[in-house]
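Analysis of the macromolecular model
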There are 2 protein chains.
Amino acid sequence: MARIVMKFGGTSVADLDRIRSVAARIKCQVATGDEVAVVVSAMAGVTNQLVGHCQALSPLHDAREYDAVVATGEQVTAGLLAIALQMLGVEARSWQGWQIPLRTDDAHGRARIESVEASTLIARMQAGQVPVVAGFQGVGPNGRVTTLGRGGSDTSAVALAAALDADRCDIYTDVDGIYTTDPRIVPRARKRDRITYEEMLELASVGAKVLQTRSVELAMKQRVRVQVLSSFAELAAPEEGRLPGTLVVDEDEILEQEIVAGIAYSRDEAKVTVRRVPDRPGVAAAVFGPLADAHVNVDMIVQSTGADGSTDMTFTTSKSDLARTIKVLEGARGVIQYGELLTDSEVAKISVVGVGMRSHAGVANTMFRTLSERSINIQVISTSEIKVSVLIGLEYTELAVRALHGAYGLDVG
Amino acid sequence: MARIVMKFGGTSVADLDRIRSVAARIKCQVATGDEVAVVVSAMAGVTNQLVGHCQALSPLHDAREYDAVVATGEQVTAGLLAIALQMLGVEARSWQGWQIPLRTDDAHGRARIESVEASTLIARMQAGQVPVVAGFQGVGPNGRVTTLGRGGSDTSAVALAAALDADRCDIYTDVDGIYTTDPRIVPRARKRDRITYEEMLELASVGAKVLQTRSVELAMKQRVRVQVLSSFAELAAPEEGRLPGTLVVDEDEILEQEIVAGIAYSRDEAKVTVRRVPDRPGVAAAVFGPLADAHVNVDMIVQSTGADGSTDMTFTTSKSDLARTIKVLEGARGVIQYGELLTDSEVAKISVVGVGMRSHAGVANTMFRTLSERSINIQVISTSEIKVSVLIGLEYTELAVRALHGAYGLDVG
């Protein structure tokens, strides 16, 4: 017998039929003898509609009222799923954030979880009841409803799993696990049985948007074993001792660590080059300070100094931040005193991720060689302990991903 | 300076434009220097949709989960209206039932209010903030969300007005007040400035569905002055010392009481006659006991004993209860031992209501004479201290209402 938290996202509970199908899945889990708690998102589209209402009334709406409005989406799903479970003979009860209570700070719209009171829920689970918790929300220090920010239901689920001391937190999504790369680009991509928190974090932040980054960080910190699996796959008896999805775990739970866990890509990139910046101390701060003030997320940064004593500063940002970036930098031209501003949206970022590369040399070199063999020009390089990323021309995305997937021996069969 | 509770129903907040318009109306009230608290219903259609979801998942859904789901409708409106008010520069804050708290018993789906904690709200109102309270809901003894039953937002508003010791509770509806009868039938119907609680109760229960009966009972018990007025009328400076709607008040607040306050009608009536019942003690209980058990609401009851020692028992019920009534009585035929069951849905109930008839004889006789002059046959008569009701053929409804309105001198001009 295990204690399991099951989390279902918006597409998994998009309508009443899917809510019924989720209830059937939970009933199967309960039937194995496991103690089960459930976390749900709002039905797909509901949160966007509520957010739209708030924005239509006031672009600068009060975040406290925004939270009170949008948190209702998850409350509806929790109540409906409890009804669907009871209909199947499964004892269930819905829980809103304030009822648990799941306490957060008062940063409305992006609150951070401070504590989860688990004793009542544990007692109910031990008595055979399934708590159905409204995700994405909590209650702040002043008794106001708070929300955790978009995608916060994953974080709710991991925090609940930690508080319940659960054996596993199963995140049901529209994919059946974490693949070595996007199967739409590489049909021979392989589903991983296990992946480390660190790898998952790097994959999440480079475009494999299966889990919210924050939930993976919390899982890593609290040592919560997270499984990513599909809520749309047929209900079937799982193979003996084998989980259907991908388990995100601590590194020491993976015996035979492969060097490269996966190849990620992101097309949502824009390259900005600030040319002929005077090469003097403080110039990087002069460029990136105003961008940070304007909440522009800057990713890869490269600085190269020319012979004439001036510097070129190149960085990437998301396509949606490009217009703001240009505006900020043009406004700061007098301060930075640069010569020219160049931008390019026709770029993609390709990343090779794996904790194994810490102890294996040559991973980066394999990447550079493979791309070079396909005549793919590398525009920017950035590396971390477990990741190598390169910026290339957008039109080479698929070619690069496929070539690298083969070069690292990830192709199946 | 007065303290006012303003309540807006579902059609008044049906979309964002109407919510903005409601906010503008509240701002005008605040600008007069009044302390204002607001109670809102769910946006029109939302509650029905949520109820539909619950019923689709399970016809016998858990009332606790039903309450958790449907209460969200009012929470959304409260948050959105708070945002709209802030946008107009009015300080506002939304309140859900559990936040106030507005405590109820645990009769989920039809909970009764037990207490309203008013001190925090009063302090905020005195500091210039407008509390926007989600109507229709409270929190039960176990910390679960409860709802007061359909139309419960009127009751929320009256209970809040009582707890706040408010000078008036303004109920905004889609009519601009209480008329002497339905203006669609009698164009010369007159809007009343004032009406007593008792008259309002009789009018509410005979088909003038402006206020929920329960809210009027509570207002009468707690001596809350209730004004019924239109949320769609143009915003205009009210005439000096004159309220735009109809004030529902205690009898002694009305100086020159008219004998008849209004003529009400209901087409939702069905007549049932149980013929040739043995005339013995206990037979009324044998007929009406099983109907009460089946939650059939029985209204007018007439018993007449024939020469042969058997009795005819005639009563009315709503059209929607007729099928159930027939089923129950056919099932109980062996016990009641009646001869025949007759039903008639082609009937209407016409009622003349007025506290003045207590001290004036002849009100009933005027009614009978007036109908007789139009050759309208009276099938059943029932009277209370301040009401005379008759059952007539459905096709005579308009004719009877118009004739009576004239006969009691209610026609305007």
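Residues numbered from 1 in each chain as written. Chains lettered and ligands numbered in written order. Predicted model: local features only at pLDDT ≥ 70, side-chain atom pairs only at ≥ 80, totals over all residues.

For chain A, the count of helices and strands is 13 helices and 18 strands. Against the globule reference of 22 Å for 413 residues, chain A gives a C-alpha radius of gyration of 23 Å, in line with a compact fold. In terms of its C-alpha atoms, chain A occupies a principal-axis envelope of roughly 75 × 55 × 35 Å. The proportion of buried residues among the 413 residues of chain A is 49%. Contacts spanning at least 24 positions in sequence make up 75% of the contacts within chain A whose residues lie at least 6 apart. (Helix = DSSP H or I, 4+ residues; strand = E, 2+ residues; numbered from the N terminus. Rg over C-alpha atoms; globule rule 2.2 N^0.38 Å. Buried ≥ 20, exposed ≤ 12 C-beta atoms within 10 Å, placed from the backbone. Contact = placed C-beta atoms within 7 Å.)

Superposing chain A onto chain B takes a rotation of 180° combined with a translation of 0.1 Å along the rotation axis, leaving an RMSD of 0.1 Å. The superposition operator between the copies reduces to a two-fold rotation axis. The C-alpha atom lying nearest the rotation axis in chain A is that of Thr72(A); the distance is 2.8 Å. Interface residue correspondence from chain A to chain B reaches 96%, placing this contact among same-surface, isologous pairings. (Least-squares fit on C-alpha atoms with pLDDT ≥ 70 in both.)

Backbone-to-backbone hydrogen bonds pair the strands of a sheet. The strands run either parallel or antiparallel. Residues and elements named next belong to chain B. Judged by pairing direction, the sheet is antiparallel, and its 6 strands sit side by side in the order 14-15-13-16-18-17 without closing on themselves. Pairing within the sheet leaves two strands with one partner each, and these edge strands are strand 14 (298-305) and strand 17 (380-384). Direction aside, the axes of adjacent strands within the sheet are offset by 25° on average. Where strand 16 (residues 340-353) meets strand 18 (residues 387-393), 7 bridges bridge the pair, whose relative direction is antiparallel. The partner of Ile350 across the bridge, within strand 18, is Val390. On top of the sheet, helix 10 (residues 322-331) reaches strand 13 (262-278), strand 15 (310-317) and strand 16; it is set at about 135° to strand 16, its chief contact. Together, strand 13, strand 16 and strand 18 form the strand contacts of helix 13 (residues 397-407), whose direction differs from that of strand 13 by roughly 120°. (Pairing = 2+ DSSP bridges. Axes fitted to C-alpha atoms, helices over the stretch in contact; angles between N-to-C directions.)

Attention now moves to helix 4 (residues 72-87) of chain A. Side chains that are three or four residues apart share a direction in an α-helix, a result of its 3.6 residues per turn. All names here are of chain A. In a regular helix each residue adds 1.5 Å, so 16 residues correspond to 22 Å; helix 4 covers 23 Å between its end C-alpha atoms and thus fits that length. Burial analysis of helix 4 places 15 of its 16 residues in the buried class, the great majority of the element. Just past helix 4, the residue Gly89 takes up positive phi, approximately 85°. (Expected span 1.5 Å × (residues − 1).)

Moving on, we get to the interface of chain A and chain B. Each side of the interface is counted separately: chain A has 27 residues, and chain B has 26 residues. Residue assignment for the side of chain A that touches chain B shows that the elements contributing at least two residues are helix 1 (16-31), helix 2 (46-57), helix 3 (63-70) and helix 4 of chain A. The element that contributes the greatest number of residues to the side of chain A that touches chain B is helix 4 of chain A, accounting for 10 residues. The class makeup of the residues in the side of chain A that touches chain B is 15 nonpolar, 10 polar and 2 charged. (Nonpolar A, V, L, I, M, F, W, Y, C, P; charged D, E, K, R; others polar.)

Every buried residue belonging to helix 8 (residues 213-222) of chain A is among Arg214(A), Ser215(A), Val216(A), Leu218(A) and Ala219(A), and all of these are buried. Immediately beyond the C-terminal end of helix 8 of chain A, within one or two residues, lies Arg223(A), with a positive phi of roughly 55°.

Residues and elements named next belong to chain A. For Ile195, the location among the structural elements is in strand 10 (residues 194-196). Judged by C-beta crowding, with 26 C-beta atoms within 10 Å, Ile195 ranks as buried. C-alpha of Ile195 to C-alpha of Gln257: the two residues are 62 residues apart in sequence and 9.0 Å apart in space. Beyond its immediate chain neighbours, meaning those up to four positions away, Ile195 contacts Ile178, Met200, Thr246, Val248 and Ala261.

A few words on unusual backbone geometry. Here the residue pair Ile100(A) and Pro101(A) is connected by a cis peptide bond, since its omega of -20° sits within 30 degrees of zero. As for its position among the elements, Pro101(A) is in the loop between strand 3 (92-95) and strand 4 (102-104). In this model, His295(B) sits at a positive phi of 60°, which is unusual for a non-glycine residue. The topology assignment puts His295(B) in the loop between helix 9 (283-293) and strand 14.

Looking now at the pairing of strand 18 (residues 387-393) of chain A. Burial analysis of strand 18 of chain A places 6 of its 7 residues in the buried class, which makes it a mostly covered element. Taken together, strand 17 (residues 380-384) of chain A and the strand that follows it, strand 18 of chain A, pair antiparallel across an intervening segment of 2 residues.

Our focus in this paragraph is the sheet that holds strand 16 (residues 340-353) of chain A. All names here are of chain A. The sheet built from 6 strands is open, its strands ordered 14-15-13-16-18-17 with antiparallel pairing. Every other strand in the sheet has two partners, leaving strand 14 (298-305) and strand 17 as the edge strands with one partner each. If you compare each strand with its neighbour and ignore which way they point, the axes differ by 25° on average. Contacting strand 16, strand 17 and strand 18, helix 12 (residues 363-373) crosses the sheet at an angle of about 15° to strand 18. Taken strand by strand, helix 13 (residues 397-407) contacts strand 13 (262-278), strand 16 and strand 18, and its axis lies near 120° from that of strand 13.

Here the focus is the domain arrangement of chain A. Residue and element names in this part refer to chain A. What the domain assignment lists for chain A is domain 1 (3-252) and domain 2 (263-407). Averaged C-alpha coordinates put domain 1 and domain 2 at centres separated by 34 Å. Here the side of domain 1 that touches domain 2 gets 4 residues from one element, more than from any other, and that element is helix 7 (residues 197-205). Each residue belonging to the side of domain 1 that touches domain 2 can be placed in one class, and the counts come to 6 nonpolar, 4 polar and 4 charged. (Domains from an automatic or database assignment.)

All right, on to the packing of helix 4 of chain A against helix 4 (residues 72-87) of chain B then. Remark: helix 4 of chain A packs on helix 4 of chain B, axes separated minimally by 10 Å, with the N-to-C direction vectors making an angle of 180°. Classified by the interaxial angle, the pair formed by helix 4 of chain A and helix 4 of chain B is roughly antiparallel. Between helix 4 of chain A and helix 4 of chain B, the contacting residues are Thr72(A), Gln75(A) and Val76(A) on the first element and Thr72(B), Gln75(B) and Val76(B) on the second. Taken together, the residues of the contact of helix 4 of chain A with helix 4 of chain B sort by class into 2 nonpolar, 4 polar and no charged. (Parallel < 35°, antiparallel > 145°, perpendicular 65-115°, else oblique.)

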